[in-house]
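# Residue-level structure breakdown
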Amino acid sequence: MKKILSIFLLLTLTCSVSCGKDESDTNNDIDFSKANTVQFNEWNQVILNDGMLRFNEGGNPSLLDFNTLEEMIFCNDPGCTHTTSSCIAMTLKSSHQLPVIYNGSAYYFSNIQNQVDKDGKRCVELKASIIRYDIENMQTSTVGTLDGYNVSSCDGSGSYLIDSEYYFFTNNGDPIYDEAGNVLSTNNSGQAKLYSVNLDTEKITDHGEIFNYEEYKKDPDKRNLRPYFIGKHLNFLYIRLDMGNGTIYSPELYIFDTETKKFTQHESVLSKSVVDGYLLYYTSDGKKTCIDKSNLNSDIRIYLENLDTGEVTEVPHPEYANMSIGGRRVWYDNCCYDIKTGKSADVPELSDYLSCNYLAEYDGTYIIFAFSDSGEEILKIPVKNIDKLFQ
C-alpha cells in the first residue's frame, strides 16, 4: 500500500472546527499512512480510514478526525486566511468538490467552458484538467487534460479511487443550437463517458459511453439524465442514471467491471446505494418506475438485494425515510434495521434526533451524522451497544 498523506502528521493545519467545538491549533492526529486505497468520492464526502473529508456547516472543505471528532479546514498553510484563490480549500470550495488523497497529494478537477466564434458561428469549447496538489510543497500541477469534455462534478456524480486508478464521469455539455447552428446554451449533462486516470503513470483511459444519449434525449423527460456512482462491490462499480436536479429516481442501473472494462445493465431498479454487498432500492405502487421525490406516497417500498446470492429482503419502515447502509445495518430516522436478524430497533443514542446517516465504522464504534431541528451532530456509537439491540 502506498504511503498516503503521512506528511499531515508533520504539519500544523490552520483549523476551523464545527459541530460546536472551539477552534484549535493542534496537529491532526489522523494516521494517513494507513489511508484506504479505495475511496468513494461522493463530492460532498470522502471516507478515509481514520477520518473523512467533507464540507462543514460553513461550506468549507474540511478534515474530520474520527478519533477526536475535531474538524479542520483542509489547508496546511499555517498563515492562510482561507479567503484567496491561493488557498487549496478555497479552490475546492469554489468548484464545490473534494479531492481524493493518494501518495502525498490531493487530486481534483478543473473545468473550462468558453463560447467562441468559429467560421461565423458561436461554438462552445470544453476542457477538463486533472490537478495534483502536492501537500508538502503546497504546489499544484496538471496531471492531464481532456478536450471537448467537462468532468461531471458539483452535482453528486461522484468518482472512485481504486488503488492507483481514479474513475470519473465526463459530459459534453449537451449544447443546444439555433437554426443557424449557433450554440444557445449548455449544461452539465449530455453524452456521458467513463474515464480513469492512473495516478502513478498519469495515463488517461476512455472507457466509453455509459448509455446512448442521442436516443435518450429524444424523450424530453430523459434529456437531463446523468450517471451517478452509488457504490462498489468486488470489482464492480454500480452506476445509477438520475436527473440532475435530484428529484427523480430513474430505474436505469449499470455495472462497470474494473477487470474486464465492460459495462452491463442490471435489472432496472430504483437504486439508492450499494454497501456491504447489498443493493438498496425502492419500488412505487409495486412498479420499478421513476419516483418523483417531491411527491412520495405510502406505496413506496424499500428492499435489499444480496449481490452475491440474489436474495431480496424488504426493509420495514413506518414511512419514506432517507436511508443509509453501513456496519451490516440500514439506518433511518432514529432507528436501524439489522440485516442478519431481519429486525428493526430504536437506537437509544439517537432518541433526541429526527434522522441519521451512517458514515463509517471506526475503532469499535459507528460514526453517525445525527440531525435535529437545531442542526447536525457527529456521534460515536459503540458497535456493541447496537449488537445488544438484536440479541
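Structure shown above.
Predicted, not measured: the structure shown is a model, and the values here were computed from it.

Another point: the nonpolar core. By size, the foremost hydrophobic cluster in this structure holds 21 residues, and its most contacted members are L53, F74, C75 and I88. Of all the secondary-structure elements, those providing two or more residues to this core are strand 3 (51–55), helix 1 (88–95), strand 7 (105–118) and strand 8 (121–134). Of the residues forming this core, the biggest block, 4 residues, is contributed by helix 1. Residues I162, Y213, L237 and I239 belong to the second largest nonpolar core, which totals 18 residues.

Moving on to the packing of aromatic side chains. The way to describe two aromatic rings as a pair is by their centre distance and the angle between their planes. One pass over the full model with this rule turns up 18 aromatic pairs. On the basis of an interplanar angle of 25 degrees and a centroid distance of 5.5 Å, the ring pair of Y281 and Y303 is categorised as stacked. Of this pair, Y281 sits in strand 22 (residues 278–284) while Y303 sits in strand 24 (residues 300–306); the two residues are 22 residues apart in sequence, bridging distant segments of the chain. We note that Y281, like Y303, is buried. An angle of 25 degrees between the planes, with centres 6.2 Å apart, marks the rings of W331 and Y358 as stacked. Taken as a pair, W331 in strand 27 (residues 329–332) and Y358 in strand 30 (residues 355–362) lie far apart in primary sequence, 27 residues in all. In this pair, the class of W331 matches that of Y358, namely buried. Put simply, the rings of W43, F109, Y149, Y166, F168 and Y195 pair up and form one aromatic cluster. R240 extends its terminal NZ or CZ atom over the ring of Y228, reaching a point 5.8 Å from the ring centre.

About the criteria used
- Residues numbered from 1 in each chain as written.
- Predicted model: local features only at pLDDT ≥ 70, side-chain atom pairs only at ≥ 80, totals over all residues.
- Heavy atoms only, no water.
- Core = buried A, V, L, I, M, F, W, Y, C linked by side-chain atoms within 4.5 Å.
- Buried < 20%, exposed > 50% of the residue type's maximum accessible area, 1.4 Å probe, protein only.
- Helix = DSSP H or I, 4+ residues; strand = E, 2+ residues; numbered from the N terminus.
- Phe/Tyr/Trp six-rings, centres within 6.5 Å; stacked < 30°, edge-to-face > 60°.
- Lys NZ or Arg CZ within 6 Å of the ring centre and 35° of its normal.

So yeah, pure geometry; function would need other evidence.
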